[in-house]
Amino acid sequence: MLEFIQLLKQRYQTVLQQLDKKNPQYLDYQQRIEQLLYGEAFIRRGELLDGNPGFPLQIAVIGPTQAGKSSVVNLLLNANAAGVSPLAGYTVQAQGFCQGLTPDDCDGMQHYFGRFQRLEQTELRPGRYDCYSLSSSAAASALLPPCVCWDTPDFDSIDAADYREGVIRTIALADIVVLVVSKEKYADQSVWEMMKAIEVFQQPTLICVNKLNEGSEPVILDSLRQKWLQTRQDPLPNLVPLLFQKAPAVPSWPQSARQAFNELAKKVTRHKHAARQQQLLSRYWLDWLQPVFAEHYAQHHWQTLVDQALAQAVKEYQRDYLNHPHHYETFQNALLNLLTLLEIPGIAKALGKTRRAMTWPFRKLFAWGGGTPINPNQELGVLNQLGEHLLIQIADRLLEKTETEPTDSRWWKETAMALRQKRVDLLQIYRQAVTDYHSDFQQDVEASAQRLYVKLQEQPVILNSLRATRVTTDAGALLLAIQAGGIGIHDLVITPLMLTITSLLAESAIGSYMHKVEAELKQHQLNTVKTALFDVCLKQRLYLLPQGVQSPTRFNISEQQCHVAEQMLKEKKHGLRLL
């Protein structure tokens with residue numbers, strides 16, 4: 001699941017870079033990237049806890065800029081550990097301080113932070129955001145149990161986007177969250193957007209209202225309670241007011257809240273992490289995958305478009321060749337093969353020489369025509385023409401989609417461009433497939449002739465009659481005509497001969513069988529063309545065409561990848577399904 005969430009986040013980031021900031025999707029994608037950062041960090045936390053059951057308690061102090069987070073951290077630690085400055089945005093990296101333990105007790109911390117590098121606190125620099133520090137706090141604290149207390153950057157300043165990921169990772173790591181707000185900041189929208197975003201973590205929480213003027217506590221605390229009730233569904237946490245103190249004085253922790261963290265530590269329920277992780281992912285899953293599903297929908301729509309175009313091509317093939325009274329010639333070729341089988345052994349060679357001599361004038365006339373067939377093979381012509389028309393038709397439909405599908409117009413434009421780039425290659429592959437099919441199918445034509453001949457052997461009288469006709473007529477002219485490139489000018493001699501052979505077969509006892517062989521050959525030819533040319537050669541290549549578009553505006557996450565991730569989402573650890 002972690003790999004899928006990281007992949008999805010990376011694709012969002014890539015697509016976001018291509019969007020204009022005025023595009024309505026820009027803010028939506030920004031928000032989803034942040035949600036994915038929460039999801040990734042929370043999954044990492046689950047892996048950390050699985051691998052380190054005794055991992056120390058983690059407390060994160062969070063809040064808006066200039067709320068006094070670092071001062072509160074120092075107050076909790078009873079030490080000047082966190083750097084404090086009157087300038088906004090002074091803290092830009094997460095800084096962890098080990099209270100009652102050492103950094104060595106935090107095995108697995110670096111794996112959790114991933115690409116973030118651990119540095120010493122003194123090595124942290126303002127412009128370096130992909131790092132964090134983890135150090136020991138020498139002083140003893142009366143407020144904190146053994147834990148790591150984290151000082152975090154703000155989440156609401158102009159520059160906060162630069163170090164937002166570090167803030168999110170630290171918050172997701174925390175067992176307990178301390179929200180620090182001031183009297184100026186407690187009502188800011190950014191504060192409550194953050195608290196709403198992390199509600200699914202279900203972390204025990206404490207709110208420190210810092211820099212209060214004496215006497216203002218009731219009004220501000222009551223307003224803060226209302227904000228909480230409007231934003232969150234869980235019970236209102238403890239509120240700790242801290243009165244304003246001029247520097248160098250520091251605020252004092254109220255005596256009534258001195259056991260607050262021990263009480264919060266008892267509410268930590270790490271064993272529920274898997275269920276909360278599933279809730280977090282389920283909450284955003286459909287929104288996160290919306291553009292991915294849109295691409296899947298477009299892909300399905302594209303495949304439907306291809307299927308419709310191919311189905312139309314098959315119909316046109318039937319109309320223009322198989323069912324055409326003048327163009328269909330395949331069964332005639334089968335009869336030609338039958339004529340060869342009807343040769344009488346012993347005199348076939350001599351008759352062949354005689355026929356070649358008789359058809360010399362026709363062959364000479366054909367040669368004077370320049371060698372170009374007067375009537376070329378009809379099927380090859382029809383199929384090649386259908387291939388060109390098919391790609392033109394699909395290209396036209398793509399252009400229509402760019403206008404009628406405004407939300408996915410870029411996807412359709414990129415697919416149209418890919419088709420233009422691949423058109424020549426597709427046609428070349430298709431034409432070669434047509435040639436190969438036509439050559440290979442001659443075996444099926446010969447097989448049909450063999451079936452007729454075997455059937456004729458069961459009828460000796462009819463067989464001998466046909467052999468006599470074969471001897472007394474110049475059927476060799478027909479064979480020459482077909483081999484030379486079609487019937488054309490030879491119709492005066494050939495057509496009567498073919499009609500004679502066909503009539504004899506049709507009027508004989510095997511007439512119905514001949515029609516059956518012809519129908520089966522035609523159906524087999526249709527299935528072969530549909531499978532070999534339209535399905536295998538064109539359909540699969542056209543299906544995959546959009547997936548080959550390597551555009552930074554596409555997510556290009558397959559349905560299989562989504563399916564695997566969704567199955568993982570439905571499964572609890574150890575394979576138990578979440579109900």
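Everything quoted here is computed from the prediction, not taken from an experiment. (Residues numbered from 1 in each chain as written. Predicted model: local features only at pLDDT ≥ 70, side-chain atom pairs only at ≥ 80, totals over all residues. Heavy atoms only, no water.)

Chemist: I'd like a rundown of empty space enclosed by the protein, residues and numbers included.
Modeler: This model, assessed by the stated rule, comprises 5 cavities of 30 Å³ or more. Each pocket or cavity is described by its volume, and for the largest cavity that value is around 90 Å³. Taken together, 14 residues line the largest cavity, and the ones lying closest to its centre are R45, F201, Q202, T269 and R276. Of all the secondary-structure elements, those providing two or more residues to the lining of the largest cavity are helix 2 (24-51) and helix 9 (273-288). Among the residues making up the lining of the largest cavity, the classes are represented as 5 nonpolar, 4 polar and 5 charged. (1 Å grid on protein atoms, 1.4 Å probe; cavity = no way out; pocket = protein on both sides within 12 Å on 5 of 7 lines; lining within 4 Å. Points joined across faces, edges and corners; volume = space filled by probe spheres on them. Helix = DSSP H or I, 4+ residues; strand = E, 2+ residues; numbered from the N terminus. Nonpolar A, V, L, I, M, F, W, Y, C, P; charged D, E, K, R; others polar.)

Chemist: Provide a residue-level description of the nonpolar core, including the pertinent values.
Modeler: Ranked by internal contacts, the top residues of the largest apolar core, which has 78 residues, are L8, I62, W150 and W285. For this core, the leading source of residues is helix 2, giving 11 residues. Not counting residues up to four positions away in its chain, the partners in contact with L8 are L36, W288, L289, V292, F555 and I557. Membership of the second largest hydrophobic core comes to 54 residues, among which are L310, V434, L456 and L538. (Core = buried A, V, L, I, M, F, W, Y, C linked by side-chain atoms within 4.5 Å. Buried < 20%, exposed > 50% of the residue type's maximum accessible area, 1.4 Å probe, protein only. Contact = heavy atoms within 4.5 Å.)

Chemist: A description of the pairing of strand 6 (residues 176-182) should follow, citing residues and the corresponding values.
Modeler: For strand 6, the buried fraction is high: 7 of the 7 residues fall into the buried class. Residues of strand 6 alternate between two faces, with I176, V178, V180 and S182 on one and V177, L179 and V181 on the opposite face, all of them buried. Here 4 bridges tie strand 1 (residues 58-62) to strand 6, and the two strands are oriented parallel to one another. Looking at strand 6, one finds that I59 is bridged to I176. Bridge count between strand 6 and strand 7 (residues 205-212): 6 bridges; the pairing is parallel. (Pairing = 2+ DSSP bridges.)

Chemist: An account of the confidence of the model for the protein chain is requested, with residue identities and associated values reported.
Modeler: For the protein chain, mean pLDDT is 81; residues scoring 70 or higher make up 81% of the total. When mean pLDDT is compared element by element in the protein chain, strand 1 scores highest at 94, while helix 12 (residues 348-358) scores lowest at 44. Scored below 50 in pLDDT, residues 484-495 shows 22 contacts in the model against residues more than four places distant or in partner chains. (pLDDT = per-residue confidence, 0-100.)

Chemist: Break down the state of the cysteines for me, with residues and values.
Modeler: Under the counting rule described, the total for this entry stands at 0 disulfides. Looking at the unpaired C147, the closest cysteine sulfur is the one in C149, lying at 5.8 Å. (Disulfide = S-S within 2.5 Å.)

Chemist: How would you explain the packing of helix 9 against helix 10 (residues 290-322) if you had to name every residue and give the values?
Modeler: At their nearest, the axes of helix 9 and helix 10 sit 5 Å apart, and the two run at 45° to each other. With respect to helix 10, the axis of helix 9 lies oblique. Contacts from L286, D287 and W288 in helix 9 reach Q290, P291 and F293 in helix 10. Here the residues of the contact of helix 9 with helix 10 are counted per class, giving 4 nonpolar, 1 polar and 1 charged. (Axes fitted to C-alpha atoms, helices over the stretch in contact; angles between N-to-C directions. Parallel < 35°, antiparallel > 145°, perpendicular 65-115°, else oblique.)

Chemist: Before we move on, can you summarise helix 2 with the specific residues and values?
Modeler: Over its 28 residues, helix 2 runs 42 Å from end to end, which matches the ideal 40 Å to within 8%, given 1.5 Å per residue. The residue sitting at the N-terminus of helix 2 and contributing the capping side-chain oxygen is N23; that oxygen lies 2.9 Å from the backbone nitrogen of Q25. (Expected span 1.5 Å × (residues − 1). Polar contact = N/O pair within 3.5 Å; in protein donor to acceptor, adjacent residues only side chain to side chain.)

Chemist: Tell me about the packing of helix 1 (residues 2-18) against helix 9, and name the residues and values.
Modeler: Packing of helix 1 against helix 9 leaves a shortest axis separation of 13 Å and a crossing angle of 40°. Relative to helix 9, helix 1 is oriented oblique. You can see that helix 1 and helix 9 cross each other, and the crossing is left-handed. Seen from helix 1, the contacting residues are F4, I5, L8 and Y12; seen from helix 9, they are L281, W285, D287 and W288. (Left-handed = near helix turned anticlockwise from the far one by under 90°.)

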